[in-house]
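So you can see what is in the structure, the chains are spelled out below.
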Amino acid sequence: MADKTLDTLFHDTLKDIYYAERKILKSLPKMARAAQSPELKAAFEKHKGQTEGQIERLQQVFELIGKPARGKTCDAIEGILAEGDEIMEEYKDTPALDAGLLAAAQAVEHYEITRYGTLKRWALVLGLKDAAALLDKTLQEEAQTDEDLTGIADAAVNADAMKTAA
């Protein structure tokens with residue numbers, strides 16, 4: 001057990017978020033197709049492009065630490081994405097669908113924000129300044145996406161969810 005260091009934990013957590021980002025990338029097109037609001041659909045499509053860049057940055061971080069870019073199963077993201085799938089199924093064709101999709105997307109964002117915030121701090125402690133800068137760029141994107149989703153929810157989606165189905 002003595003070989004379990006912050007270095008090891010950093011690498012394990014990096015593998016976790018790498019797996020998560022790749023799963024998210026696969027889920028975003030499905031969420032975009034399910035969204036009824038044009039703004040929400042556009043937000044999911046925009047975030048798909050960002051997620052591709054985030055995966056590239058993670059690959060750069062793996063390179064910086066001399067490790068292959070590999071993921072390890074992230075049970076947390078599996079659960080969050082399963083909840084999103086459930087919402088798409090249970091609320092299909094209802095006014096509340098977009099509100100549910102937004103909530104699911106923000107759960108994903110909040111998970112990513114915690115992971116990237118932690119990884120950035122650990123990178124700084126480990127003296128990995130270049131890795132910290134890459135992780136911070138993604139952290140800022142995730143925080144902005146969360147804010148954008150809140151704006152979409154406040155602008156119309158939550159109010160629309162209160163309407164009854166026609």
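The residue count restarts for each chain, going from 1 along the sequence in the order it is written. For a predicted model such as this one, the threshold for reporting local features is a pLDDT of at least 70, and the threshold for listing and counting side-chain atom pairs is 80 or more; totals across whole chains, interfaces and linings nevertheless cover every residue. The side-chain numbers reported here are obtained from all heavy atoms of the structure, hydrogens and water having been left aside.

**Some details on the overall build of the chain**
Runs of E in the DSSP output that reach at least two residues are strands. Runs of H or I that reach at least four are helices, and both are numbered from the N terminus. Of regular secondary structure, the chain possesses five helices and zero strands. For the chain, the N- to C-terminal ordering of α and β elements is α-α-α-α-α. Its C-alpha atoms give the chain principal-axis dimensions of about 60 × 25 × 20 Å. In this tally, Asp and Glu contribute negative charge and Lys and Arg positive charge; neither His nor the terminal groups of the chain are included. All charge positions are set by atom: Lys at NZ, Arg at CZ, Asp at CG, Glu at CD. Across the chain, the centroid of the 21 positively charged side chains sits 6 Å from that of the 30 negatively charged ones.

**A look at a negative patch on the surface**
On the surface, E83, E86, E89 and E90 cluster together to form a negatively charged patch. The residue E83 is located in helix 3 (residues 75-90) in this model. Summary of the burial criterion: residues with accessible area below 20% of their type's maximum are buried, those above 50% are exposed, and those between are partly exposed, where the area comes from a 1.4 Å probe applied to protein chains only. On the basis of relative accessible area, E83 is assigned to the exposed category, the value being 51%. Nonpolar side chains (Val, Leu, Ile, Met, Phe, Trp, Tyr) within 5 Å and like charges within 9 Å form the patches, drawn only from residues with over 30% relative accessible area and no salt bridge. Computed with the Shrake-Rupley method and a 1.4 Å probe, the accessible areas treat only the protein chains shown as cover for residues. One side-chain nitrogen of Lys or Arg within 4 Å of one carboxyl oxygen of Asp or Glu is enough to make a salt bridge.

**Points about unusual backbone geometry**
Positive phi, normally seen in glycine, also occurs at D93, with a value near 60°. Assignment of secondary structure puts D93 in the loop between helix 3 and helix 4 (97-125). By relative accessible area, D93 is classed as exposed at 62%.

**Quick word on the side chain of H47**
For H47, the position within the fold is in helix 2 (residues 38-64). Contacts: residue pairs with any heavy atoms within 4.5 Å of one another. Residues in contact with H47, not counting those within four places in the same chain, are L28, Q54, E109, E112, E142 and T145.

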